[in-house]
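# Per-entry structural report
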Amino acid sequence: MTEKGCTAATQVGSALNSLTFDYLYSSPLQRAKQTAEIILSCFDTPPPLQATDKLMEIDLPLWEGMLRQDVINQFPEDYRRWQEQPDKFSMAVSNNGEKFDYFPVLALFENACLFWQDVLSRHDGQTILVVAHNGINRALIATALGISPAYYHAIQQSNCGITVLNFSGNLGEPVQLESMNLTSHVGEIFPKPREGHHGPRLLLVRHGETEWNKAGKFQGQIDVPLNENGREQSQRAAEFLKEVKLDFAVSSSMLRPKETAEIILQYHPEIQLQLKDRLREISHGLWEGKFESEIEGDFPGLLNEWKTAPENVQMPEGENLQQVWERAIAAWREVVASVSGVGIVVAHDAINKAILCHLFGLEPDRFWNFKQGNGAVTVIDYPNGLDGLPVLQAMNITTHLSGGVLDKTAAGAL
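All residue numbers refer to position in the chain's written sequence, counted from 1. Where local features are concerned, this predicted model is filtered to residues with pLDDT of at least 70; where side-chain atom pairs are given and counted, the filter is 80 or more; whole-chain, interface and lining totals use all residues. By convention in this description, side-chain values take in all heavy atoms of the structure and omit both hydrogens and water.

### Some points on the packing of helix α5 (residues 104-122) against helix α6 (residues 134-145)
Stated formally: Axes here mean lines fitted to C-alpha atoms, for a helix over just the part in contact, with angles spanning 0 to 180 degrees between N-to-C directions. For helices the rule is a DSSP run of H or I covering at least 4 residues; for strands it is a run of E covering at least 2, with both sets numbered from the N terminus onward. Crossing handedness: left-handed means the near helix sits turned counterclockwise from the far one by under a right angle, and right-handed means the same turn made clockwise. Whether two residues are in contact is decided by their heavy atoms, any of which lying within 4.5 Å being enough. Under the scheme applied, nonpolar residues are Ala, Val, Leu, Ile, Met, Phe, Trp, Tyr, Cys and Pro; charged residues are Asp, Glu, Lys and Arg; polar residues are all the others, including Gly.
Interhelical geometry of α5 versus α6 gives an angle of 65° and a closest axis separation of 8 Å. Read as a crossing pair, α5 and α6 show a hand that is right-handed. Contact with α5, carried on its side by Leu108, Phe109, Ala112, Cys113, Phe115 and Trp116, involves Gly135, Ile136, Ala139, Leu140, Ala142, Thr143 and Ala144 of α6 and no other residues of that element. Among the residues forming the contact of α5 with α6, the class breakdown is 11 nonpolar, two polar and no charged.

### Looking at the pairing of strand β5 (residues 128-131)
Quick reminder of the rule: Residue exposure (1.4 Å probe, protein chains only): buried if accessible area is under 20% of the type maximum, exposed if over 50%, otherwise partly exposed. When DSSP finds at least two bridges between two strands, those strands are taken to pair.
The two faces of β5 differ: Leu129 and Val131 on one face are buried, but Ile128 and Val130 on the other face are not. The sheet contact formed by strand β1 (residues 23-26) and β5 spans four bridges and is parallel. Within the sheet, the bridge partner assigned to serine 26 lies in β5 and is valine 131.

### A closer look at the pattern of salt bridges
Threshold: Should a side-chain nitrogen of Lys or Arg be within 4 Å of a carboxyl oxygen of Asp or Glu, the pair is scored as a salt bridge.
This structure, assessed with the given rule, holds 20 salt bridges. Taking the shortest distance from any N to any O, the salt bridge between aspartate 298 and lysine 290 comes out at 3.3 Å. A relative accessible area of 44% means that aspartate 298 is categorised as partly exposed. One salt bridge in this structure joins aspartate 407 and lysine 371, with 3.7 Å as the shortest N-O distance. Separated by 36 residues along the polypeptide, aspartate 407 in the segment after α14 (399-402) and lysine 371 in the loop between α13 (349-359) and β12 (377-381) bring together distant segments of the chain. Residue classification places lysine 371 among the buried residues on the basis of a relative accessible area of 18%. Via salt bridges that share partners, Glu77, Arg80 and Glu84 belong to a single interconnected network.

### Comments concerning the side chain of serine 252
Defined as follows: Two N or O atoms form a polar contact when they lie within 3.5 Å of each other; inside protein one atom must be a possible hydrogen donor and the other a possible acceptor, and for residues adjacent in sequence the pair counts only when both atoms belong to side chains.
Within the element layout of this structure, serine 252 appears in strand β9 (residues 248-252). In terms of polar contacts, serine 252 uses its side chain to reach the backbone amide nitrogen of methionine 254, at 3.2 Å. With residues up to four places along the chain from it excluded, the contact list for serine 252 reads Pro257, Lys258, Leu275, Lys276, Leu279, Arg280, Val346, Ala347 and His348.

### Quick notes on α6
Where we set the bar: One less than the residue count of a helix, multiplied by 1.5 Å, gives the span that helix is expected to have.
Between its first and last C-alpha atoms α6 spans 17 Å; for 12 residues at 1.5 Å apiece the expected length is 16 Å, and the two agree. Of all 12 residues making up α6, 11 are buried, and the element is well covered by its neighbours. Turning to α6, its buried residues are Gly135, Ile136, Asn137, Arg138, Ala139, Leu140, Ile141, Ala142, Thr143, Ala144 and Leu145. On the buried face of α6, the contacting elements are α5, β5, β6 (162-167) and β7 (175-182). Following α6 by one or two positions, glycine 146 adopts a phi angle in the positive range, close to 80°.

That's the geometry; what it means functionally is another story.
In structure tokens form, the structure reads like this:
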């Protein structure tokens, strides 16, 4: 690794050394293994380290050692397919004199599945650290969340970025992406756009905390204002984004996101805030204003179904997730089509989750896959505009709120 790479690995170790890990898995390739060893040197009691071939980087045998521009020049059609249809991209290779079509992304996803199946069964209830590479990390995130290999290029993984996944059991059981590609510990508040980026960058923000968030009371479309902590979270988000040149700002028309947006925009007074009704929070109907215990008493079993199969729940006198999907995604697409440059979109937990699922073609049954903390920032690029594949650059950044890599915001109701 370069000196810069070694410094970044040390910064990762410093960011993680307050946490306790039971085990560390690394790719056997030198750059990953050295990164893992530097990270471990920052721990008073380092966990055991094991290298595994299942974490090897993607294999592109015919392009190995070539510069990107040389690949584009020599293999223009293959490179276009690699970019546009990575799940269908193949290379003609030979093994023991026999030629066959090798699918690099599909092989990578298979390795990622094998890694999770092996590791999750052996580390139930434990915390593990994984140090690998750009491609395999994308595949690990995608296979955990049920994202198709077609979206391989829609996930960004920066050098020494940190991602947090919370598993409830083995692969195929519920999993939550708590945060993705955090980079503030290496001096970047969030990743730079990829080379060749021409479209807008949207900073998706969840509103700051309310008293009902804190208490765990369902608020939905009841217009609850921010509490003092929520205003402080919004102020920290404003400081976090202070040096970012904003070109536009959009918010749900409800009070809590509107106030969050206005606090952020104090450092960008030239920006006019646009309000959109279709970005309002899910209507919980008769659940609104109630605690979970009250909901269970009034609607036995429905709350558990909301937690385990949310796509099946029709909120009594409220909405279902399909309705939320339709209006949230219509509003999001309208924003993407009408803006340029960099801007904020401030909305709600359910709305943000619907948008994140939409980026990867996921349906409402994956609603709980993505965490959105109060005051958190998510970075979404559209390198080729609305009709191109979006890129999730970083998700649920809360380092400006807690100073650490874990999301410590209220786990209250929507």
